[in-house]
Amino acid sequence: MRTRTQRLALALICAGALFPGAATYAPGTAGGASAGKPATHSVVIDGLKYDPETLTVKRGETVIWTNKDPFPHTVTAQGKFDSHDIAAGGSWKYVARTAGEYSYICTLHPNMKGMLRVE
Amino acid sequence: MKNIGIVVATALLLAAGGVAAQAPNDAQIAHIVVTANQVDIDAGKLAEKMGSTKDVRDFGKQMVTDHSGVNKQAVALVTKLKVKPEDNPTSQSLKSGGEANLKNLKTLKGNAFDKAYIDHEVAYHEQVLDAVDKTLLPSAKNEELKALITKVRPAFVAHLEHAKMLQSKM
């Protein structure tokens, strides 16, 4: 039998797990080491541009692309990662696990180019 | 095919020529934007069904999705701004040019359909971009209307490049 305090602590831990990176979910946030949890970075897709166009993250960190255009886009690094269609207003989350430089495009509008650097 | 290019060119030349004579007002520009998108949506819907290759059908489908998205935003903006889109000669020419294109496409099948559709898409997007740069953007007064046109302009560039790529493979 768990005590009431233990159960409360457990509930709080679970609540934290439901909202990972909530404290660090801001554009261009770097690091996140203070929380002991990998940071979450944001890239906004607006007017057929990835903003920021180049993003550098550390291994294990998360990147969320949010599409603010009125039609779908993709985030595609051939053979590495592919969001497939991100609907208007939708978003796509990617955990960067492997170090490297990944240039990516939108396969629907290949004039859109971005770069993800994983250190 | 050349004839259709000329119809589109004439429609948009009217728009361009309008600058000298009389620049379109915001209500007319909104109408031109919605009409230009709708014309391409209608052609795209036909290509989704009639295209003989997956590339052409996918392109048609994307035109429907992208231009519908733009129109949804355009309608939301004019509703917010309480602007009533106003019919005008440019919109009318675009509409009749679009109808002539559909009429022609409906008589075609297979490769002939694909080629006619894609040729038209190349000409159409070139002319629309020309009208955006020479008429719509310089004439638009409302900043939000201008911002919307500026924001979606790169999509038309991407569509043009995509259509040209398909054209080069035919």
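Residues numbered from 1 in each chain as written. Chains lettered and ligands numbered in written order. Predicted model: local features only at pLDDT ≥ 70, side-chain atom pairs only at ≥ 80, totals over all residues. Heavy atoms only, no water.

A.B. asks: Let's hear about the overall build of chain B: which residues, and what values?
C.D. replies: Counting its regular elements, chain B contains six helices and zero strands. Taken from N to C terminus, the helices and strands of chain B fall in the order α-α-α-α-α-α. Residues counted as buried form 50% of the 170 residues belonging to chain B. Partitioning the contacts of chain B with sequence separation of at least 6, the portion at a separation of at least 24 is 84%. Per element, the accessible surface of chain B, about 8,200 Å² overall, is 59% carbon and sulfur. (Helix = DSSP H or I, 4+ residues; strand = E, 2+ residues; numbered from the N terminus. Buried < 20%, exposed > 50% of the residue type's maximum accessible area, 1.4 Å probe, protein only. Contact = heavy atoms within 4.5 Å. Areas by Shrake-Rupley, 256 points an atom, 1.4 Å probe, with all protein chains shown as cover.)

A.B. asks: Please give an account of the packing of helix α3 (residues 54-81) of chain B against helix α6 (residues 143-168) of chain B that cites residues and values.
C.D. replies: Between two packed helices, what matters for the description is the angle formed by their axes and the separation of those axes. Residues and elements named next belong to chain B. Between α3 and α6, the least distance of the axes is 11 Å, while the angle of their chain directions is 175°. Judged on the interaxial angle alone, α6 and α3 are roughly antiparallel. Where α3 approaches α6, its residues Asp-55, Phe-59, Gln-62, Met-63, Asp-66, His-67, Val-70, Gln-73, Ala-74, Leu-77, Lys-80 and Leu-81 are matched on the opposing element by Glu-144, Leu-145, Leu-148, Lys-151, Val-152, Phe-156, His-159, His-162, Ala-163 and Leu-166. Residue composition of the contact of α3 with α6, grouped by class: twelve nonpolar, five polar and five charged. (Axes fitted to C-alpha atoms, helices over the stretch in contact; angles between N-to-C directions. Parallel < 35°, antiparallel > 145°, perpendicular 65-115°, else oblique. Nonpolar A, V, L, I, M, F, W, Y, C, P; charged D, E, K, R; others polar.)

A.B. asks: Could you give an account of the packing of helix α5 (residues 110-139) of chain B against α6 of chain B, with specific residues and numbers?
C.D. replies: All names here are of chain B. Following both chains from N to C, one finds α5 and α6 inclined at 155°, their axes separated by 9 Å at the closest point. With respect to α6, the element α5 is oriented roughly antiparallel. Crossing hand, α5 versus α6: left-handed. Together, Ile-118, Asp-119, Glu-121, Val-122, His-125, Glu-126, Val-128, Leu-129, Val-132, Asp-133, Leu-136 and Leu-137 of α5 and Lys-146, Ile-149, Thr-150, Arg-153, Phe-156, Val-157, His-159, Leu-160, Ala-163, Lys-164, Leu-166 and Gln-167 of α6 make up the contact between the two elements. Its residues placed into classes, the contact of α5 with α6 shows 13 nonpolar, four polar and seven charged. (Left-handed = near helix turned anticlockwise from the far one by under 90°.)

A.B. asks: Outline unusual backbone geometry, listing residues and values.
C.D. replies: Negative phi values dominate among residues other than glycine, just as trans dominates among peptide bonds. All names here are of chain A. Residues Asp-51 and Pro-52 are joined by a peptide bond in cis, for which omega reads 0°. Relative to the assigned elements, Pro-52 resides in the loop between β2 (49-51) and β3 (54-57). A positive phi is found at Leu-48, a non-glycine position, where the angle reads about 60°. The residue Leu-48 is located in the loop between β1 (40-46) and β2 in this model.

A.B. asks: Would you mind going over the sheet that holds β1 of chain A in detail, with residue names and values included?
C.D. replies: Residue and element names in this part refer to chain A. Spatially, the four strands line up as an open sheet ordered β2-β1-β4-β7, and their pairing is mixed. Unpaired on one side and paired on the other, β2 and β7 (91-95) mark the two borders of the sheet. Each strand of the sheet is rotated relative to its neighbour by a mean of 20°, with strand direction disregarded. Here five bridges tie strand β4 (residues 62-67) to β7, and the two strands are oriented antiparallel to one another. Paired with Trp-65 across the bridge in β7 is Trp-92. (Pairing = 2+ DSSP bridges.)

A.B. asks: Go over the interface of chain A and chain B, please, and point to the residues and values.
C.D. replies: Each side of the interface is counted separately: chain A has eleven residues, and chain B has 15 residues. Connecting chain A to chain B are two salt bridges. Its salt-bridge partner being Lys-151 of chain B, residue Asp-46 of chain A comes within 2.6 Å of it at the nearest N-O pair. A class-by-class count of the residues in the side of chain A that touches chain B yields five nonpolar, three polar and three charged. (Salt bridge = Lys/Arg side-chain N within 4 Å of Asp/Glu carboxyl O.)

A.B. asks: Could you give an account of the packing of aromatic side chains, naming the residues involved and the relevant values?
C.D. replies: Residues and elements named next belong to chain A. Inspection of every chain in the model, using the stated rule, returns eleven aromatic pairs over all chains. Residues Phe-81 and Trp-92 carry aromatic rings whose centres are separated by 6.2 Å and whose planes lie at 35° to one another, so their mutual orientation is tilted. Of this pair, Phe-81 sits in strand β6 (residues 81-82) while Trp-92 sits in strand β7, placing them eleven residues apart in sequence. Owing to a relative accessible area of 18%, Trp-92 belongs among the buried residues under this scheme. Here the aromatic rings of Phe-81 and Tyr-102 are separated by 5.9 Å at their centres, their planes lie at 65°, and the arrangement is edge-to-face. On the criterion of sequence distance, the pair formed by Phe-81 in strand β6 and Tyr-102 in strand β8 (residues 100-105) is long-range, its members being 21 residues apart. Assessed through its relative accessible area of 9%, Tyr-102 is described here as buried. Through a chain of ring-to-ring contacts, the aromatic side chains of Tyr-50, Trp-65, Phe-81, Trp-92, Tyr-94, Tyr-102 and Tyr-104 assemble into a single cluster. (Phe/Tyr/Trp six-rings, centres within 6.5 Å; stacked < 30°, edge-to-face > 60°.)

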